[in-house]
Amino acid sequence: MKVVKFGGSSLATGKQLEKVLDIVQNDKKRRIVVVSAPGKRYDDDMKVTDLLIACGEKMIADEDAVETINIILERYANIAKELDLSNEIITTIKKDLLEVLHADKSDVPSYMEAVKACGEDNNAKLVAHFFNQRGVKAQYINPKDAGLIVSDDPGNAQVLPESYDRLYALREYDSIIVFPGFFGYSEKGNVVTFSRSGSDITGAILANGVKAELYENFTDVDAVFSVNPTIVSNPKGIKELTYREMRELSYAGFSVFHAEALIPAYRAGIPVNVKNTNNPTVPGTRIVATRNNTNGPVVGIANDKGFCSIYISKYLMNREVGFGRRILSILEDFHISYEHMPSGIDDLTIILRQSQLAGKNEDEIIQRIKEELQVEQIVVEHNLALIMVVGEGMRHNVGTTARAAKALAETGVNIEMINQGSSEVSMMFGVKEPMAKSAVKALYKEFFE
Ligand code: ASP
C-alpha cells in the first residue's frame, strides 16, 4: 500500500485534479490520498489557507469579511464547475465554512485553528466527491474519526504516539481514502494544525500508521534540486538522498519537503518519493535510509539567511567548569534557542536565528554574559547567511573542506565561520548575507559542474 500526498499547486484547478485522479488510478497500491488546500494557480495568486487566515482575522476584529469569504468559496466553486461536479458539494463546503467562521471566538487561537484547517478539510470532501463522480470509489475520512490525535500546540502540533496504532485500521477500507492534511485533533477534541506546509507531515504520519511500502509526495517540481534554482539556473535534480541529508538541506532552506515530515517516515523506515504531478513519469527524488554513493561527496547545497552570531572569548575558558552551561542558561532565561556553537580553546561562537532576538533587549543579554562570566571580548554580528554543503559521501572523501574553502576564496568570499558537524554529513559556512549568492554559485560550480 502507498500513501500519496498532493500539495496545494496540484489541487489548485480542475485540470490539476484530473491529473491527480489519473495518478491515483495508475497504481492500485495508491490507497490513501492526503490533500492540501487549493494552492496558488499562478505566482501572485493566494493560497486558500492564506485567504482563510485573513478571513478569520477579519471576523475576530469584527470587520467585514464577506468579500474574502466569497473569494474562498469561488476557489472551490471554480474547481467544481471545471469538473462538472454537482452543486451539492459546494453547498456542503459553504455550510461548513460559514459554520466554522461563525463559531464561538472567545478562544482566539482555537478559533483560528479551526478556520485554517477547513481549507484542507473541505478540499478532501471535494476530491472524494470528484473521484466518486468519476466512478472511482473514494471516501473522505476526518482525522478525528481516524484517531489522529496531536498535542494541543496551535500551529505546531506534534502527533501523539498512540495515534499510529489507531491509524493502522485505515488499511481495512476497500475504497480509496481521501484524508485532509495539515491538522489533527487534541485529546480535548479541538482542531490543532501542524506548522505551515504541514500536509506533508500528515502524509508521513499516515504512511507510518498503515505501514505503507512507500510515501509519495506529489508537488510541482521534477525533483529536489541540488541547490536553490533561483540562485543557480537549471540545477541538477537529486535522484536519491538519505533522511539525514534531507534533514540537513531542509534545515537551511530546502522547502520542497517539510523537515518534520521526515521523522514519522524515518522511524518506520518508509522511503519517501518526491514527484511531480505535472510530470508523473519522471522518477523524482527518493529519500531513503541508506544509499549508494554515486554522485561524489556532495549531494546538495542549501543556504538560508537571517542569522547572527555572538562571539565570546576569555583566556583559559577551556579550564572553567560550567562556562558553556552558564552562557546557555542566560539564553534560556530570555527564552532564546540557539542553532550552533562552534568553539576554540578560549573562545566560542553562538549562532542563532535573528528572529530569536525579536522583541528582546540585546544589550541586556550581552551585559549579563559580560558580567556573569567576566568575558574578555564579546562581539555580536548580524545579517549572516549559513551555507550547508551536504552529502554522506563526505565521510569517505578526503579534501572536501579544502575544495569548498578554495572555491570560496577564489570568489573573494570571506568565511566568517566554519563548522563541520560531527556526523560528517554536512559542512556549514557562515558568510555575510550579501556574499551568500556568490558563495553558493562558487560551491555549486566546484562540486557539480
Ligand atoms: N495549506 C497549508 C499551508 O498552506 C498546509 C499545506 O499546504 O501543506 O501551510
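The preceding data block contains the structure.
Conventions used here
Residues numbered from 1 in each chain as written. Predicted model: local features only at pLDDT ≥ 70, side-chain atom pairs only at ≥ 80, totals over all residues. Heavy atoms only, no water. Helix = DSSP H or I, 4+ residues; strand = E, 2+ residues; numbered from the N terminus. Rg over C-alpha atoms; globule rule 2.2 N^0.38 Å. Contact = heavy atoms within 4.5 Å. Areas by Shrake-Rupley, 256 points an atom, 1.4 Å probe, with all protein chains shown as cover. Lys, Arg positive; Asp, Glu negative; His and termini not counted. Charge placed at Lys NZ, Arg CZ, Asp CG, Glu CD. Pairing = 2+ DSSP bridges. Axes fitted to C-alpha atoms, helices over the stretch in contact; angles between N-to-C directions. Salt bridge = Lys/Arg side-chain N within 4 Å of Asp/Glu carboxyl O. Near = heavy atom within 4 Å. Polar contact = N/O pair within 3.5 Å; in protein donor to acceptor, adjacent residues only side chain to side chain. Nonpolar A, V, L, I, M, F, W, Y, C, P; charged D, E, K, R; others polar. Parallel < 35°, antiparallel > 145°, perpendicular 65-115°, else oblique. Left-handed = near helix turned anticlockwise from the far one by under 90°. Expected span 1.5 Å × (residues − 1). Buried < 20%, exposed > 50% of the residue type's maximum accessible area, 1.4 Å probe, protein only. Arc of directions from axis to C-beta.

Novice: Describe the overall build of the protein chain, with residues and values.
Specialist: Each helix and strand in the protein chain was counted, giving 14 helices and 17 strands. Its C-alpha atoms give the protein chain a radius of gyration of 24 Å, within 12% of the compact-globule value 22 Å for 449 residues. Counting only C-alpha atoms and orienting by the principal axes, one finds that the protein chain spans roughly 75 × 55 × 40 Å. Contacts in the protein chain between residues at least 24 apart in sequence constitute 75% of all its contacts with a sequence separation of at least 6. Surface accessibility of the protein chain: about 20,500 Å² in total, with carbon and sulfur atoms responsible for 48%. Charge-centre separation for the protein chain: the mean point of 51 positive side chains lies 6 Å from the mean point of 61 negative side chains.

Novice: Help me get a handle on the sheet that holds strand β12 (residues 285-288), residues and values and all.
Specialist: Here eight strands make up an open sheet; going across it, the order is β3-β4-β2-β1-β7-β11-β12-β10 and the pairing mixed. Each edge of the open sheet is held by one strand with a lone partner, namely β3 (138-140) and β10 (240-242). Ignoring which end each strand starts from, the neighbouring axes of this sheet average 20° apart.

Novice: Just give me the short version of the pattern of salt bridges, but keep the residues and values in it.
Specialist: Tallied over the full model, the rule gives 27 salt bridges. K125 is the partner of D121 in a salt bridge, and the nearest nitrogen-oxygen pair spans 3.7 Å. Pair noted here: D121 and K125 are both in helix α5 (residues 108-133), with a separation of four residues, about one helical turn. Here the salt bridges share partners, and the residues they tie into one network are R41, D45 and R75.

Novice: Provide a residue-level description of the side chain of T277, including the pertinent values.
Specialist: Tracing the backbone shows T277 in the loop between β11 (272-276) and β12. Beyond its immediate chain neighbours, meaning those up to four positions away, T277 contacts F6, S10, K19, V20, I23, F218 and T219.

Novice: Can you break down the site of the ligand residue by residue, with the values?
Specialist: The ligand sits among S36, K47, T49, E120, F182, R196, S197, G198 and S199. E120 is positioned such that a nitrogen or oxygen atom in its side chain is 3.1 Å from a nitrogen atom of the ligand. The contact in question runs from an oxygen atom of the ligand to an N or O atom on the backbone of S199, over 3.0 Å. Alone, the ligand offers 260 Å² of accessible surface; in the complex the protein occludes 94% of this. Along the lines of polarity and charge, the residues of the shell around the ligand split into one nonpolar, five polar and three charged.

Novice: Account for the packing of helix α1 (residues 14-25) against α5, naming residues and giving values.
Specialist: Axis separation between α1 and α5 bottoms out at 11 Å; the angle between their running directions is 65°. Here α1 lies roughly perpendicular to α5, going by the angle between them. α1 and α5 meet at a crossing whose hand is right-handed. For the pair formed by α1 and α5, the contact residues are L17, E18, V20, L21 and V24 on the first element and L126, V127, F130 and F131 on the second. Of the residues contributing to the contact of α1 with α5, the split by class is eight nonpolar, no polar and one charged.

Novice: Outline the environment of S309, supporting the account with residue identities and numerical values.
Specialist: Relative to the assigned elements, S309 resides in strand β13 (residues 300-313). Considering only alpha carbons, one finds S309 and L386, 77 residues apart in sequence, at a separation of 11 Å. Beyond its immediate stretch of four places on either side in the chain, S309 contacts T349, I350, I351, V379, V380, E381 and L384.

Novice: Quick rundown of helix α4 (residues 87-101)? Include the residues and the values.
Specialist: Between its first and last C-alpha atoms α4 spans 21 Å; for 15 residues at 1.5 Å apiece the expected length is 21 Å, and the two agree. Every buried residue of α4 is accounted for by I89, I90, I93, D96, L97, V100 and L101. All buried residues of α4 lie within an arc of 130° about the axis, which places them on one face of the element. When the buried face of α4 is taken as reference, the exposed residues oriented beyond 90 degrees from it are N87, E88, T91 and K95. Buried residues in α4 make contact with α2 (48-60), α3 (66-82) and α5.

Novice: How would you sum up the side chain of S199? Please name residues and give values.
Specialist: Relative to the helices and strands, S199 is located in helix α8 (residues 199-209). Judged by relative accessible area, S199 falls into the buried class, the value being 3%. Looking at S199, its side chain comes within polar contact range of the side chain of S36, at 3.3 Å. Of note is the side chain of S199, whose polar atom sits 3.2 Å from the side chain of E120. Excluding residues that lie within four positions of it along the chain, S199 makes contacts with K5, V34, V35, S36, E120, G181, F182 and Y215.

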